[in-house]
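A structural walkthrough
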Protein chains: 2
Amino acid sequence: MRFQKTTEYAIRAMVYLAKHPGQRLSTRSLHESLDIPYKYLGRLMSRLAEAGLVSVEHGKHGGYQISENRDSIYLYQIAEEVEGLEDYERCILGFPDCSDEHPCALHDRWVAHRENIKAMLYETTLADLEEEPTKQP
Amino acid sequence: MRFQKTTEYAIRAMVYLAKHPGQRLSTRSLHESLDIPYKYLGRLMSRLAEAGLVSVEHGKHGGYQISENRDSIYLYQIAEEVEGLEDYERCILGFPDCSDEHPCALHDRWVAHRENIKAMLYETTLADLEEEPTKQP
DNA sequence: TAAATATACTACCTGAAAGTAGCATTTAGG
DNA sequence: CCTAAATGCTACTTTCAGGTAGTATATTTA
Ligand code: SF4
Ligand code: SF4
């Protein structure tokens, strides 16, 4: 019961960028600050840029930068881009199609938690997370 | 953000057994009722039996049976046996060692949900789940 | 005791996520 | 124009959860 490793990486990187607004940071620099494999991070950042979550500049002095409106970037957008949101609509027991109408014994217990986590993802922006340190305390 | 597939299988099987107390069900029968790969389920049930969560009989008319005291089998015991509980003590951003004392921006938001899910696992028994149907509603 | 029906054990196969490597492409700036 | 420094692209490798196969072992029952 956890995020994919890649989602963790994406959140770490995005929060780090959000804490350095106006700065354009290279993959190398992010790699060194966040301890994420260099090449793997490169592809990940590329995806996040393609999704419009960060801006990117090529060439010398290039790199990634958070958009100005980081109060409108929500965590769910990061999770959606990286691992999708399908798990949050899914049966906890893995049955392929099932409704809320005749729920099994676990359904209500699980759905409550699932909806809470969804709410966290849908209501938290990067701006909300700027108050405190990102790297190891 | 979900349980491992094997954990889903284990919960499905255990809840199904809990709904058939006093019956000794073979792997073949569980496989047909729950749509879990036969051989894979065999190994899984073997593990659950070894962990003492179900009783087992070999040979003809053998199979698995839930213990009488199914009101003292908690979901966390199943999760613990199958995928471990390490994820519930883990940093959401994947940092190796970190304390609650100087938390990062996400920490409090995440820990609250994590503790709620842990509480569900630690407070729900198989007996609690017997009220409603297990298979597809 | 022999056949039938079950679990237990061991080894191997598969697919997807994670990680690695090399080269192409873009841009700043002397 | 040329070089340095950056991202982008493509392909390969590794790791592990999930799944398959065959055989050994245990138990009931005729
Ligand atoms: S009712 Fe039960 S089987 Fe159906 S989706 Fe909910 S948890 Fe899954
Ligand atoms: S404070 Fe942040 S970095 Fe530390 S364990 Fe909590 S979520 Fe992870």
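Residues numbered from 1 in each chain as written. Chains lettered and ligands numbered in written order. Predicted model: local features only at pLDDT ≥ 70, side-chain atom pairs only at ≥ 80, totals over all residues. Heavy atoms only, no water.

What follows is about the overall build of chain A. Within chain A, the secondary structure is distributed over 5 helices and 2 strands. Traced from its N-terminal end to its C-terminal end, chain A shows the element sequence α-α-α-β-β-α-α. Counting all 137 residues of chain A, 48% fall into the buried class. When contacts within chain A are restricted to residue pairs at least 6 apart in sequence, long-range pairs at least 24 apart make up 68% of them. Accessible surface for chain A amounts to roughly 6900 Å². Of this, 45% is attributable to carbon and sulfur atoms. (Helix = DSSP H or I, 4+ residues; strand = E, 2+ residues; numbered from the N terminus. Buried < 20%, exposed > 50% of the residue type's maximum accessible area, 1.4 Å probe, protein only. Contact = heavy atoms within 4.5 Å. Areas by Shrake-Rupley, 256 points an atom, 1.4 Å probe, with all protein chains shown as cover.)

Let us look at the protein's contact with DNA strand C. Among the 25 residues in the neighbourhood of DNA strand C, the closest are listed as Lys-5, Thr-6 and Lys-39 of chain A together with Thr-27 and Tyr-64 of chain B. Among the atoms of DNA strand C close to the protein, meaning within 4 Å, 71% are from sugar or phosphate groups. The backbone of Lys-5 of chain A places a nitrogen or oxygen atom 2.9 Å from a phosphate oxygen of DNA strand C. The side chain of Tyr-9 of chain A places a nitrogen or oxygen atom 3.0 Å from a phosphate oxygen of DNA strand C. Counting residues per element, the ones that place at least two in the surface near DNA strand C are α1 (5–18) and α3 (38–50) of chain A together with α3 (38–50), β1 (54–57) and β2 (63–66) of chain B. Looking at the surface near DNA strand C residue by residue, the classes come out as 6 nonpolar, 11 polar and 8 charged. (Near = heavy atom within 4 Å. Polar contact = N/O pair within 3.5 Å; in protein donor to acceptor, adjacent residues only side chain to side chain. Nonpolar A, V, L, I, M, F, W, Y, C, P; charged D, E, K, R; others polar.)

Before going further, it helps to spend a moment on the packing of helix α1 (residues 5–18) of chain B against helix α4 (residues 75–83) of chain B. Residue and element names in this part refer to chain B. It is at 9 Å that the axes of α1 and α4 come closest, and there the two elements cross at 140 degrees. Between α1 and α4, the interaxial angle falls into the category oblique. Relative to α4, the crossing made by α1 is right-handed. Residues Thr-6, Thr-7, Ala-10, Ile-11 and Met-14 of α1 touch α4, and the partners they reach there are Ile-78, Ala-79, Val-82 and Glu-83. Grouping the amino acids of the contact of α1 with α4 by side-chain chemistry returns 6 nonpolar, 2 polar and 1 charged. (Axes fitted to C-alpha atoms, helices over the stretch in contact; angles between N-to-C directions. Parallel < 35°, antiparallel > 145°, perpendicular 65-115°, else oblique. Left-handed = near helix turned anticlockwise from the far one by under 90°.)

Our next topic: the pairing of strand β1 (residues 54–57) of chain A. Residues and elements named next belong to chain A. Where β1 meets strand β2 (residues 63–66), 4 bridges bridge the pair, whose relative direction is antiparallel. By the bridge assignment for β2, Glu-57 is matched with Gly-63. The turn joining β1 and β2, which pair antiparallel and follow one another in sequence, is formed by 5 residues; a positive phi near 70 degrees is taken by Gly-59. (Pairing = 2+ DSSP bridges.)

The next subject is the confidence of the model for chain A. All names here are of chain A. With 90% of its residues at a pLDDT of 70 or more, chain A shows a mean pLDDT of 86. Taken element by element, chain A is modelled with least confidence in helix α5 (residues 107–123), mean pLDDT 88, and with most confidence in α3, mean pLDDT 96. Below a pLDDT of 50 lies the segment residues 132–137, which in the model reaches 21 contacts outside its immediate sequence neighbourhood of four places, other chains included. (pLDDT = per-residue confidence, 0-100.)

Right, let's get into the pattern of salt bridges. Residues and elements named next belong to chain A. On inspection of all chains with the given rule, the structure shows 10 salt bridges over all chains. Residue Glu-89 is joined to Lys-118 by a salt bridge in which the shortest nitrogen-to-oxygen separation is 2.9 Å. With Glu-89 in the loop between α4 (75–83) and α5 and Lys-118 in helix α5, this residue pair connects regions lying 29 residues apart in the sequence. One salt bridge in this structure joins Lys-118 and Glu-115, with 3.4 Å as the shortest N-O distance. Of this pair, Lys-118 and Glu-115 both sit in helix α5, separated by 3 residues, roughly a single helical turn. Since its relative accessible area comes to 14%, Lys-118 is described here as buried. On the accessibility criterion, Glu-115 (34% relative accessible area) is partly exposed. (Salt bridge = Lys/Arg side-chain N within 4 Å of Asp/Glu carboxyl O.)

Angle between the axes and distance between the axes: these two values describe a pair of packed helices. All names here are of chain B. For the pair α1 and α3, interaxial distance at closest approach is 11 Å and the crossing angle is 70 degrees. Relative to α3, the element α1 lies roughly perpendicular. In this structure, α1 meets α3 at a crossing whose hand is right-handed. Residues Thr-6, Tyr-9, Ala-10, Ala-13, Met-14 and Leu-17 of α1 touch α3, and the partners they reach there are Tyr-40, Leu-44, Met-45 and Leu-48. Split by residue class, the contact of α1 with α3 holds 9 nonpolar, 1 polar and no charged.

On the surface, Glu-50, Glu-80, Glu-81 and Glu-86 of chain A cluster together into a patch of negative charge. Following the sequence through the fold, Glu-86 of chain A ends up in the loop between α4 and α5. (Patch = residues over 30% accessible without salt bridge, like charges linked within 9 Å, V, L, I, M, F, W, Y side chains within 5 Å. Lys, Arg positive; Asp, Glu negative; His and termini not counted. Charge placed at Lys NZ, Arg CZ, Asp CG, Glu CD.)

This paragraph deals with the environment of Phe-95 of chain B. Residue position: Phe-95 of chain B is located in the loop between α4 and α5 (107–123). The spacing of Phe-95 of chain B and Asp-108 of chain B is 13 residues in sequence and 15 Å in space, taken between C-alpha atoms.

Here we come to the protein's contact with DNA strand D. DNA strand D sits among 25 residues. The nearest are Thr-27 and Tyr-64 of chain A together with Lys-5, Thr-6 and Lys-39 of chain B. Within 4 Å of the protein, the atoms of DNA strand D are drawn from sugar and phosphate moieties in a proportion of 68%. In the environment of DNA strand D, a phosphate oxygen lies 2.8 Å from a nitrogen or oxygen atom belonging to the backbone of Lys-5 of chain B. Measuring from a phosphate oxygen of DNA strand D, one finds a side-chain N or O atom of Thr-6 of chain B at 2.4 Å. Broken down by secondary-structure element, the contributors of at least two residues to the surface near DNA strand D are α3, β1 and β2 of chain A together with α1 and α3 of chain B. Sorting elements by how many residues they give to the surface near DNA strand D places α3 of chain A first, with 4 residues.

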